[in-house]
Amino acid sequence: MVDQNKIVFFDTTLRDGEQSPGCTMHHDEKLRMAHQLTDLGVDILEAGFAIASHGDFESVRAIASEIRGPRIASLARCKREDIEAAARATEPADRSRIHIFLSTSDLHLAAKLQITREQALDQIAEMVAFARTLVDDIEFSPEDATRTNPDFLVKVCEVAIQAGATTLNLPDTVGYCVPQDYADMFRMVRERVPGIENIVLSAHCHDDLGLAVANTIAAIDAGVRQVECAINGIGERAGNAALEEIAAVLTVRHDRFPFQHNIVMNQIFATSQMLSQCISFGAAPNKAIVGANAFAHAAGIHQHGVMVNPLTYEIMTPESVGVPKNSLVLGKHSGRRALEHRFVELGHTLSKEQLNEVYARFTELADRKKTIYDQDLLGLLQPDRAAVTVS
Ligand code: KIV
Ligand code: ZN
């Protein structure tokens, strides 16, 4: 029975994320991340692609042995040897899943696989049924689903269900879809595929047009109950849908999306930080939820508003996603009140006259320096020491 009230989080940071440039992780880093993803509350953890290399196999197997809580999945092509490797690697897990994929768009069938539609259907039927003899939880993904002929996609879904798939993931592999089209595809499949009501439908979106999260949310509106995503939105090319953004949408806009989910929101920042330490780059400063500026207020009017009542310019508190505290960035746009506030935090309560004097020196310094540090501020209290520090 599919729980219509719950959104299942399928994390692919260690598979789709890890396979992208600059995101390779060592065995120990994958294990650390897997523990943190467990603390974060992901429901399904795609630990890797077991057949890809000896190292990948060992990492999937170690995660399946150590991690308790999430279901552990391994990716597999629609081939016997891949499926066997995925089953062996995930075997130590309490609960495991084999995630099988095969391209179904005419472009991929002809150019990449050089097989006909009929051959693809036969391969899906045979390999999904084979996988079901090894593991009872099977996800099937028709790769490039959003560019697959709709009638053929219906047939593919039918065949996969008949062969024993329990989750059907329809990926926007190349990040081509817009939200309405992605939602319509799921509605079409739900209307036309017999037995689909007993299957979990899953969204897997790439961000080539910057629409991965929007498409995922549209899919939820169309009946999808599993979302595939990665921390900081890492993944092939422009990345996957960012887990933290989907979770924040469901939490902040619970009025609009009244679903349950298991993500522990205040673990988001720690998870994002750990990932940044494991891979070659961090989140962009203006990245939603986890970027350095996501809760930073630089404009004087905004700073004043946030000090009076954070709800004026914040739709969630930084603490709710595990960010230590909001940062009022002091610079040339900052107002007198923000300056006064920071001095109080630094242990100096200024009189009105003192504040006026210090503020004049502050604006003069801010014209010269991009970022004003606390030691610069303290220097402003003793004018002859002002602007000694460098950016
Ligand atoms: O983007 C994609 O199509 C994939 C599949 C393997 C699900 O990552
Ligand atoms: Zn993908």
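Keep in mind that this is a model prediction, so the values were computed, not measured.

Undergrad: Sorry if this is basic, but what is going on with the packing of helix 7 (residues 150-163) against helix 8 (residues 179-192) here?
TA: Between two packed helices, what matters for the description is the angle formed by their axes and the separation of those axes. It is the contact of helix 7 with helix 8, at a shortest axis distance of 10 Å, that shows an interaxial angle of 55°. As the angle between them shows, helix 7 and helix 8 are arranged oblique. Handedness of the helix 7/helix 8 crossing: right-handed. Here helix 7 contributes Pro150, Asp151, Leu153, Val154 and Cys157 to the contact with helix 8, which in turn contributes Met185, Met188, Val189 and Arg192. Residue composition of the contact of helix 7 with helix 8, grouped by class: seven nonpolar, no polar and two charged.

Undergrad: Honestly, the pattern of salt bridges in this entry has me stumped. Any pointers?
TA: Two side chains with opposite charge may pair up if their charged atoms get near one another. Within the structure shown, the criterion is met by 24 salt bridges. A salt bridge links glutamate 143 to lysine 112; the shortest N-O distance between them is 2.8 Å. Placement of glutamate 143 in strand 5 (residues 138-143) and of lysine 112 in helix 5 (residues 106-113) is noted, with a sequence separation of 31 residues between them. Judged by relative accessible area, glutamate 143 falls into the buried class, the value being 16%. Between aspartate 151 and arginine 192 there is a salt bridge, and its shortest N-O distance comes to 2.9 Å. Of this pair, aspartate 151 sits in helix 7 while arginine 192 is found in helix 8, placing the two residues 41 residues apart along the sequence. Aspartate 151 gets classed as partly exposed once you look at its relative accessible area, which sits at 49%. On the accessibility criterion, arginine 192 (40% relative accessible area) is partly exposed. A cluster of three or more residues bridged by salt bridges with shared partners is formed by Arg71, Arg97, Asp137 and Glu139.

Undergrad: Please explain unusual backbone geometry as it appears in this structure.
TA: Peptide bonds are mostly trans, and most non-glycine residues show a negative phi. Unlike most non-glycine residues, asparagine 232 shows phi in positive territory, near 60°. With respect to the helices, strands and loops of the structure, asparagine 232 is situated in the loop between strand 8 (226-229) and helix 10 (243-252). In this structure, isoleucine 289 is a non-glycine residue whose phi angle is positive, near 70°. Along the polypeptide, isoleucine 289 turns up in the loop between helix 11 (268-278) and strand 9 (296-297).

Undergrad: Looking at this structure, I do not really get the domain arrangement of the chain. What am I missing?
TA: Reports of interface size often rely on the accessible area that becomes lost once the parts have come together. What the domain assignment reports for the chain is domain 1 (8-278) and domain 2 (296-385). Centre-to-centre separation of domain 1 and domain 2, based on C-alpha positions: 44 Å. If you look at the interface, domain 1 gives six residues, while domain 2 gives eight residues. Taking both partners together, domain 1 and domain 2 bury about 500 Å²; carbon and sulfur atoms supply 75% of that area. Of all residues in domain 1, the largest losses of buried area upon contact with domain 2 belong to Val252, Asn266 and Phe269, amounting jointly to 72% of the total for that side.

Rules and cut-offs
- Residues numbered from 1 in each chain as written.
- Chains lettered and ligands numbered in written order.
- Predicted model: local features only at pLDDT ≥ 70, side-chain atom pairs only at ≥ 80, totals over all residues.
- Heavy atoms only, no water.
- Axes fitted to C-alpha atoms, helices over the stretch in contact; angles between N-to-C directions.
- Helix = DSSP H or I, 4+ residues; strand = E, 2+ residues; numbered from the N terminus.
- Parallel < 35°, antiparallel > 145°, perpendicular 65-115°, else oblique.
- Left-handed = near helix turned anticlockwise from the far one by under 90°.
- Contact = heavy atoms within 4.5 Å.
- Nonpolar A, V, L, I, M, F, W, Y, C, P; charged D, E, K, R; others polar.
- Salt bridge = Lys/Arg side-chain N within 4 Å of Asp/Glu carboxyl O.
- Buried < 20%, exposed > 50% of the residue type's maximum accessible area, 1.4 Å probe, protein only.
- Domains from an automatic or database assignment.
- Buried area = accessible area lost by both parts, 1.4 Å probe.

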